[in-house]
Amino acid sequence: MRFVLNVIWLMLCGFWMAIGYVVAGVICCILIITIPFGIASFRIAGYALWPFGRTAIRKPTAGVGSAIGNVIWVVVAGIWLAIGHVLTGIAMCVTIIGIPLGIASFKMVPISLLPLGREIVPSDELVHRSTA
């Protein structure tokens, strides 16, 4: 089922959202100081392209630098990407079939706003981490 949802997601909105993250990443890499934001943006682009079966979790080692970087990220690109996810989620929820896709888009809003200090892991690994 994950594969089917990922393919539908890719065709309807994943490709466009991933392009948004790649554009933000390229802009951040051009501005030398914001290269860490660019790297995070490229990482999230892969997640936006194929989200089902993966989840974003907080890194336990994230510190104050991540928090400060996230504030800068929200101003530079985060708010626009979050708006894109909200609008996409609303559009997906218009149809019954699109509701799971809309929910997935809404779940990506927090990582689009605050990407630093998070990592993307397979959902199966998350289950193993919580039981260990």
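Residues numbered from 1 in each chain as written. Predicted model: local features only at pLDDT ≥ 70, side-chain atom pairs only at ≥ 80, totals over all residues. Heavy atoms only, no water.

Asker: For the overall build of the protein, give the residues involved together with the corresponding values.
Answerer: When helices and strands are counted, the protein shows six helices and two strands. For the protein, the sequential pattern of α-helices and β-strands runs α-α-β-α-α-α-β-α. Overall, the C-alpha framework of the protein stretches about 45 × 35 × 20 Å when taken along its three principal axes. Each of the 132 residues in the protein was classed as buried or not, and the buried ones make up 39%. Across the protein, the fraction of contacts at a sequence separation of at least 24, relative to all contacts at a separation of at least 6, is 73%. (Helix = DSSP H or I, 4+ residues; strand = E, 2+ residues; numbered from the N terminus. Buried < 20%, exposed > 50% of the residue type's maximum accessible area, 1.4 Å probe, protein only. Contact = heavy atoms within 4.5 Å.)

Asker: Can you lay out the layout of surface pockets for me, pointing to particular residues and giving the numbers?
Answerer: What the largest pocket holds in volume is close to 230 Å³. The wall of the largest pocket is formed by 14 residues, among which Tyr47, Arg54, Thr55, Ala104 and Lys107 lie closest to the centre. Only β1 (54-58), α4 (99-107) and α5 (109-113) provide two or more residues apiece to the lining of the largest pocket. Here the residues of the lining of the largest pocket sort into eight nonpolar, three polar and three charged. (1 Å grid on protein atoms, 1.4 Å probe; cavity = no way out; pocket = protein on both sides within 12 Å on 5 of 7 lines; lining within 4 Å. Points joined across faces, edges and corners; volume = space filled by probe spheres on them. Nonpolar A, V, L, I, M, F, W, Y, C, P; charged D, E, K, R; others polar.)

Asker: An account of the environment of Met108 is requested, with residue identities and associated values reported.
Answerer: Within the element layout of this structure, Met108 appears in the loop between α4 and α5. The buried category is assigned to Met108, whose relative accessible area is 1%. As for Met108 and Gly53, which are separated by 55 residues in sequence, their C-alpha atoms are 13 Å apart. Leaving out residues up to four positions away in the same chain, Met108 has contacts with Trp9, Tyr21, Tyr47, Ala48, Pro51 and His85.

Asker: Can you explain the packing of helix α1 (residues 2-30) against α4? Please cite residues and give values.
Answerer: Where α1 contacts α4, the two axes come as close as 11 Å, and the packing angle between them is 75°. In terms of their interaxial angle, α1 and α4 are classed as roughly perpendicular. Mapping the contact onto sequence places Leu5, Ile8, Trp9 and Leu12 in α1 and Pro100, Leu101, Ala104 and Ser105 in α4. Here the residues of the contact of α1 with α4 sort into seven nonpolar, one polar and no charged. (Axes fitted to C-alpha atoms, helices over the stretch in contact; angles between N-to-C directions. Parallel < 35°, antiparallel > 145°, perpendicular 65-115°, else oblique.)

Asker: A description of the environment of Ile35 should follow, citing residues and the corresponding values.
Answerer: Inspection of the secondary structure assignment puts Ile35 in helix α2 (residues 35-49). Residue Ile35 is classed as partly exposed on the basis of its relative accessible area of 31%. Among all residues touching Ile35, those that are not within four sequence positions of it are Cys28 and Cys29.

Asker: Describe the side chain of Asn70, and please don't skip the residues or the numbers.
Answerer: Looking at the element boundaries, Asn70 is found in helix α3 (residues 64-92). Asn70 gets classed as buried once you look at its relative accessible area, which sits at 8%. Asn70 has contacts with Leu113, Leu114, Pro115 and Leu116, leaving out every residue within four places of it along the chain.

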